[in-house]
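Notes for the structure review
Residues per chain, in single letters:
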Amino acid sequence: MSNDKLDKKQTNVLLINDIAGYSKISLGAMIPIMSHMGFGIHNLPTAVVSNTLDYGKFEILETTEYMKGTLKVWKELGFSFDAICTGFIVSEEQVKVVADFCQEQRKNGVRIFVDPIMGDNGSLYNGVSDNTVEYMRKICSVADIIMPNFTEAVFLADKHFSAEGVSLSEAKELVDSLRNLGSKSVVITSITVEGQTCVYGYDDDKNEYFNIPFDYIPVHMPGTGDIFSALLVGSVLKGIELQSSTAFAMKKLRELILLNKDNEDKTSGIPIEKYLNDMTNF
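Because the structure is predicted, anything quoted here is derived from the model rather than measured.

As a further point, take the pattern of salt bridges. Side-chain pairs of opposite charge can arise whenever the charged atoms involved come near each other. Here the structure, examined in full by the defined rule, presents 16 salt bridges. When the shortest N-O distance is used, the salt bridge between Glu93 and Lys68 registers 2.4 Å. Residue Glu93 is found in helix α4 (residues 92–107), and its partner Lys68 is found in helix α3 (residues 64–77); the two are separated by 25 residues along the sequence. By relative accessible area, Glu93 is classed as partly exposed at 39%. Given the relative accessible area of 33%, Lys68 is considered partly exposed. In this structure, the salt-bridge partner of Lys261 is Asp262, at a minimum N-O distance of 3.4 Å. Given the relative accessible area of 32%, Lys261 is considered partly exposed. A relative accessible area of 64% means that Asp262 is categorised as exposed. In the salt-bridge network here, residues are joined through shared partners; they are Lys251, Lys252, Glu255 and Asp278.

Shown next, in the form of structure tokens:
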């Protein structure tokens, strides 16, 4: 078989996220994972960051004008993608650019996966405005799957945040509010339901809710959310149903955290390259 025929069969995925010069996070984590899974990976950096913010000092270059120019050039060149996966988007203006692009691509049948990175622990990150949340809702409105954490889900749905978590009926109500935005399937990460930490979601293909409990590991390692997204999205794109894909991503991420929880420099993220064969083994 010729290379041309092989290329035509390859699923082309566009990752929209930031990239760090030092630290295994964002694009630096997602590209090797999804490339190893066999996808044609392309990227649109939302920012170039010196290192994770956890180090206390960092330099960041916002790429809004570059993004606009790149999308214009790609359109002129006729580039196309089978799927788009969005992650960290730096500014209100960028969120609008990505929202418009995703809405346009959705009309062409492109599958949209959204990790609406905006906040955690009940608060929005610095620089995230109400308008940013509103534009993020527009991105979610055309998404096949959205993957917010509990805080992001609450802000998107305009609900109240409770540090104690929610009841099962409240979890279902929260998911339904996100589905009402237009998202087909929903995966809420790190939510406490009836006192148990879990991933709670809804699978549009099967028309059913699901709840996958997990034991919290008390260690902070940057990039774990990006690893989770890469594994989940990659699994779904390979035709595995959403609940199984979610469980797969959770299992592999837990294994990686346990293997690296005692690393001297946890702030730089997980050195994923040495685990690629195992972590992408279904």
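Picking up after the structure, the text goes on.
Time to look at the pairing of strand β11 (residues 208–213). Strand direction decides the pairing type here: strand β10 (residues 196–203) and β11, joined by 6 bridges, are antiparallel. Counterpart to Tyr202 in the pairing with β11 is Tyr209. The loop that links β10 with its antiparallel partner β11 comprises 4 residues; one of these, Asn207, has a positive phi angle of about 55°.

A contiguous nonpolar patch, built from Leu53, Phe58 and Ile60 and spanning about 270 Å² of accessible area, is present on the exposed surface. Among the structural elements, Ile60 can be located in strand β3 (residues 60–62).

This brings us to the environment of Gln243. Residue placement: Gln243 occurs in helix α9 (residues 242–260). In contact with Gln243, other than residues within four places in its own chain, are Asp203, Glu208, Phe210 and Ile212.

Phi at Ser26 takes a positive value of approximately 50°, unusual for a residue other than glycine. Even without being glycine, Asn121 reaches a positive phi, approximately 55°. With respect to the helices and strands, Asn121 occurs in the loop between β6 (119–120) and β7 (123–124). On the basis of relative accessible area, Asn121 is assigned to the exposed category, the value being 67%.

According to the stated counting rule, one finds 1 cavity of 30 Å³ or more in the structure shown. In this structure, the largest cavity spans a volume of roughly 40 Å³. By residue class, the composition of the lining of the largest cavity is 7 nonpolar, 3 polar and no charged.

Among the nonpolar cores identified, the biggest contains 44 residues, and Met136, Ile139 and Ile191 are the most heavily contacted of them. Per-element tally for this core: the top contributor is α4, with 6 residues. Within the second largest apolar cluster, 41 residues are counted, among which are Met30, Ile33, Leu232 and Val236.

Time to look at the sheet that holds strand β2 (residues 40–51). Strand order in the open sheet formed by 9 strands is β3-β2-β1-β4-β5-β8-β9-β10-β11, and the pairing between neighbours is mixed. Either end of the sheet is taken by a strand with one partner, and the two such strands are β3 and β11. Taken together, the 3 bridges between β2 and β3 define a ladder with antiparallel strand orientation. Pairing of Val49 across the sheet is with Ile60, part of β3.

Moving on, we get to the side chain of Arg137. On the secondary structure map, Arg137 appears in helix α5 (residues 130–140). Contacts of Arg137, omitting those with residues within four sequence positions, involve Phe155, Leu156, Asp158 and Leu181.

Reading the values: the criteria
Residues numbered from 1 in each chain as written. Predicted model: local features only at pLDDT ≥ 70, side-chain atom pairs only at ≥ 80, totals over all residues. Heavy atoms only, no water. Salt bridge = Lys/Arg side-chain N within 4 Å of Asp/Glu carboxyl O. Helix = DSSP H or I, 4+ residues; strand = E, 2+ residues; numbered from the N terminus. Buried < 20%, exposed > 50% of the residue type's maximum accessible area, 1.4 Å probe, protein only. Pairing = 2+ DSSP bridges. Patch = residues over 30% accessible without salt bridge, like charges linked within 9 Å, V, L, I, M, F, W, Y side chains within 5 Å. Areas by Shrake-Rupley, 256 points an atom, 1.4 Å probe, with all protein chains shown as cover. Contact = heavy atoms within 4.5 Å. 1 Å grid on protein atoms, 1.4 Å probe; cavity = no way out; pocket = protein on both sides within 12 Å on 5 of 7 lines; lining within 4 Å. Points joined across faces, edges and corners; volume = space filled by probe spheres on them. Nonpolar A, V, L, I, M, F, W, Y, C, P; charged D, E, K, R; others polar. Core = buried A, V, L, I, M, F, W, Y, C linked by side-chain atoms within 4.5 Å.

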